[in-house]
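# Secondary and tertiary structure notes
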Amino acid sequence: MADILKVDADALRALGNSLSTYADDIAAIKIGVAVTMPGSPVHGVSTAMDENAEAAFHALGGHVRKMAQVAKSGAKTYEEVDQAFGEHFRQLERESPSPRPRGRIPE
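Definitions and cut-offs
Residues numbered from 1 in each chain as written. Predicted model: local features only at pLDDT ≥ 70, side-chain atom pairs only at ≥ 80, totals over all residues. Heavy atoms only, no water. Helix = DSSP H or I, 4+ residues; strand = E, 2+ residues; numbered from the N terminus. Buried < 20%, exposed > 50% of the residue type's maximum accessible area, 1.4 Å probe, protein only. Contact = heavy atoms within 4.5 Å. Axes fitted to C-alpha atoms, helices over the stretch in contact; angles between N-to-C directions. Parallel < 35°, antiparallel > 145°, perpendicular 65-115°, else oblique. Left-handed = near helix turned anticlockwise from the far one by under 90°. Nonpolar A, V, L, I, M, F, W, Y, C, P; charged D, E, K, R; others polar. Core = buried A, V, L, I, M, F, W, Y, C linked by side-chain atoms within 4.5 Å. Salt bridge = Lys/Arg side-chain N within 4 Å of Asp/Glu carboxyl O. Expected span 1.5 Å × (residues − 1). Arc of directions from axis to C-beta. Patch = residues over 30% accessible without salt bridge, like charges linked within 9 Å, V, L, I, M, F, W, Y side chains within 5 Å. Areas by Shrake-Rupley, 256 points an atom, 1.4 Å probe, with all protein chains shown as cover.

Here Ser20 is to be found in helix H1 (residues 9-27). Residue class for Ser20 comes out buried when judged on its relative accessible area of 14%. In this structure Ser20 touches Arg65, Ala68 and Lys72, once residues within four positions along its chain are discounted.

In structure tokens, the structure reads:
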């Protein structure tokens, strides 16, 4: 049963690091739509497209960064819970009475 609950904290931490790198890459994306026709409807549309695309990438990068933080935090939490449970079970083992030998009941 304990194998079911096993978590690879190193893999979870590595996932968090990878996601952090992706979030940094997404944050570095710059959209540059340059249409030089002041007063033209195309100029306004290109400006709005630039701003909206950057806002979308910024939001996406923020979500990826949150996933990275959850993965890293999860790895730490799983390790802490595993350690706490292990200590508790070792304590229970030390405090448990030894089983009585089976056989005849003393008179």
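Let us look at the packing of H1 against helix H2 (residues 41-95). Orientation of H1 relative to H2, taken along the N-to-C sense of each, is 160 degrees, at an axis distance of 8 Å. Regarding the angle of H1 to H2, the classification is roughly antiparallel. Considering how the two elements wind past one another, H1 and H2 form a crossing that is left-handed. Looking at side-chain class alone, the contact of H1 with H2 contains 15 nonpolar, 5 polar and 5 charged residues.

Formed by Leu19, Ala23, Ile26, Val64 and Ala68, the largest nonpolar core amounts to 5 residues. Breaking this core down by element, the ones donating at least two residues are H1 and H2. For this core, the element with the highest residue contribution is H1, accounting for 3 residues. When near neighbours in sequence (up to four residues on either side) are disregarded, Leu19 contacts Val64, Met67 and Ala68.

Attention shifts here to the pattern of salt bridges. In total, this model carries 4 salt bridges according to the counting rule given. Where Lys76 meets Glu80, a salt bridge forms, and the shortest distance between an N and an O atom there is 3.7 Å. Pair noted here: Lys76 and Glu80 are both in helix H2, with a separation of 4 residues, about one helical turn. Look at the salt bridges and you will find they share partners, linking Asp10, Arg13 and Glu79 into a network.

Note on placement: Ala48 falls in helix H2. For Ala48 and Val33, which are 15 residues apart along the polypeptide, the C-alpha to C-alpha distance reads 9.6 Å.

In this section: H1. Taking 1.5 Å of rise per residue, 19 residues should cover 27 Å, and H1 covers 27 Å from first to last C-alpha, within 8% of that figure. Listing the buried residues of H1 in full gives Ala9, Gly16, Leu19, Ser20, Ala23 and Ile26. Buried residues of H1, seen end-on, are gathered within an arc of 125 degrees and therefore sit on one face of the element. Where H1 is buried, its residues meet H2.

For the rest of this paragraph, the subject is a nonpolar patch on the surface. Nonpolar side chains collect at one region of the surface, where Val81, Phe85, Phe89 and Leu92 lie side by side and expose about 390 Å² of accessible area between them. With respect to the secondary-structure elements, Phe89 resides in helix H2. The exposed category is assigned to Phe89, whose relative accessible area is 54%.

All quantities given are derived from atomic positions and should not be read as evidence of function.
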